[in-house]
Amino acid sequence: MLIDVSHTVEDGMITYRGLPAPVICDFLSREQSRSHYAEGTEFQIGKIEMVANTGTYLDSPFHRFAHGIDLSQLPLERLANLESIVIRIDRAKGRAIGCADLEGSNLSGRAVLIHTGWDEHWRTDQYFEGHPFLTRDAAEFLLRAGAILVGIDSLNIDDIGDLFRPVHTILLGAGLPIVEHLRGLNQLPDRDFRFFAVPVKVKNMGTFPVRAFGLT
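Each chain carries its own residue numbering, running from 1 in the written order of its sequence. For this predicted model, a pLDDT threshold of at least 70 governs which residues receive local features, and a threshold of 80 or more governs which side-chain atom pairs are given and counted, while totals over whole chains, interfaces and linings are taken from all residues. Calculation of side-chain values draws on the structure's entire complement of heavy atoms; hydrogens and water are dropped beforehand.

**Description of unusual backbone geometry**
One non-glycine residue, Asp192, lies in the positive phi region at around 60°. Relative to the assigned elements, Asp192 resides in strand S11 (residues 191–196). In DSSP terms, a helix is any run of H or I states spanning at least four residues, a strand is any run of E spanning at least two, and both are numbered starting from the N terminus.

**A word on the sheet that holds strand S12 (residues 207–209)**
Paired strands, in this sense, are two strands between which DSSP finds at least two bridges. Across the sheet, nine strands lie side by side as S1-S13-S11-S5-S7-S9-S10-S4-S12; this open sheet has mixed pairing. The two strands at the open ends of the sheet, each matched to only one other strand, are strand S1 (2–4) and S12. When strand polarity is set aside, the average angle formed by the axes of neighbouring strands in this sheet is 30°. When S1 meets strand S13 (residues 213–215), the two strands line up antiparallel, connected through three bridges. Angular values range over 0 to 180 degrees, each being the angle between N-to-C directions of two axes fitted as lines to C-alpha atoms, with helices fitted over their stretch in contact.

**As for the packing of helix H3 (residues 136–145) against helix H4 (residues 166–173)**
Packed helix pairs are characterised by how far apart their axes lie and by the angle those axes make with each other. At their nearest, the axes of H3 and H4 sit 8 Å apart, and the two run at 15° to each other. Taken together, the axes of H3 and H4 lie roughly parallel to each other. As H3 packs across H4, the resulting crossing turns out to be right-handed. Where H3 approaches H4, its residues Arg136, Ala139, Glu140, Leu142 and Leu143 are matched on the opposing element by Pro166, Val167, Ile170 and Leu171. Here the residues of the contact of H3 with H4 sort into seven nonpolar, no polar and two charged. Should an angle fall under 35 degrees it is taken as roughly parallel, and over 145 as roughly antiparallel, whereas 65 to 115 is taken as roughly perpendicular and any remaining angle as oblique. We call a crossing left-handed when the near helix sits turned anticlockwise from the far one by less than a right angle, and right-handed when that turn is clockwise. The contact definition used throughout considers only heavy atoms, calling two residues in contact when any of these lie within 4.5 Å. Classification used: nonpolar for Ala, Val, Leu, Ile, Met, Phe, Trp, Tyr, Cys and Pro, charged for Asp, Glu, Lys and Arg, polar for all others including Gly.

**Concerning the nonpolar core**
Buried residues of nine kinds, namely Ala, Val, Leu, Ile, Met, Phe, Trp, Tyr and Cys, make up a nonpolar core once their side-chain atoms join them within 4.5 Å. Each residue is placed in one exposure class: buried if its accessible area under a 1.4 Å probe, protein chains only, is under 20% of its type's maximum, exposed if it is over 50%, and partly exposed if it falls in between. Formed by 23 residues in total, the largest nonpolar core has its most connected members in Ile114, Leu134, Leu142, Val150 and Leu171. Listing elements by their share of this core, those giving two or more residues are strand S5 (82–88), strand S7 (111–115), H3, strand S9 (149–152) and H4. Once residues within four sequence positions are removed from consideration, Leu134 is found in contact with Ile97, Ile114, Leu142, Val150, Ile157 and Val167. Formed by 22 residues, the second largest nonpolar core is a distinct cluster that contains Val86, Ala111, Leu182 and Ala212.

**Some words on the side chain of Ser60**
Along the chain, Ser60 turns up in the loop between strand S4 (57–59) and S5. A polar atom in the side chain of Ser60 sits 3.3 Å from the backbone oxygen of Ile69. Once you skip the residues sitting within four places of it in the chain, Ser60 turns out to touch Ile69, Asp70, Leu71, Leu74, Leu172, Met205 and Gly206. N or O atoms within 3.5 Å of each other form a polar contact, as long as, within protein, one can give a hydrogen and the other can take it, and as long as residues adjacent in sequence are counted only when both atoms are side-chain atoms.

**A look at the pattern of salt bridges**
What counts as a salt bridge is simple: a side-chain nitrogen of Lys or Arg found within 4 Å of a carboxyl oxygen of Asp or Glu. This model, assessed by the stated rule, comprises nine salt bridges. The salt bridge involving Asp125 is made with Arg17; its shortest N-O contact spans 4.0 Å. Note that Asp125 is positioned in the loop between S7 and strand S8 (133–134) and Arg17 in the loop between S1 and strand S2 (23–28), a separation of 108 residues in sequence. With relative accessibility at 60%, the residue Asp125 sits in the exposed group. Relative accessible area serves as the criterion here: at 43%, Arg17 is assigned to the partly exposed category.

Rendered as structure tokens:
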């Protein structure tokens, strides 16, 4: 079974407060196209203007580091058909997700998806306030445990109040892609599924939306 865990990108949608919403429109409308083709034949060519951090997106090392690999250099083996595990977080314990929340599972060679349930606030003001995040220690633990990709269904994998962004720095510095703004992780099993999050192969770009999904 294929389970979609990405948000739909829509015209005017705000993903991250302070960043512009995408503008989605016609470059060539169906009506305009009729003059180019035989009677009864028409096409639509769309146009989209957006920042790369829109919807559910993947960060490559280039997002954080000028000399890190960009989207075009990420090997598919790090993005697709990944053995995966979901870590369920109890938000009643607080916003910070630490080592204790990640211990007890085999994370080696796996995509680790952090399920907080924060996606329930998507497209509301609450989504931007008080979101769950990983701590520096958690990021270091994920590296030691051998994770190969880390995803979260929250506004940011870091505490946005920490301007050093330690989790991005640690994970991307070690070459681990990050997927943010996932949704519907409650639909996935805890383990024994494959994860896919493949962005467009763009040179000199660090981040891009993905159609993230699990294969069970």
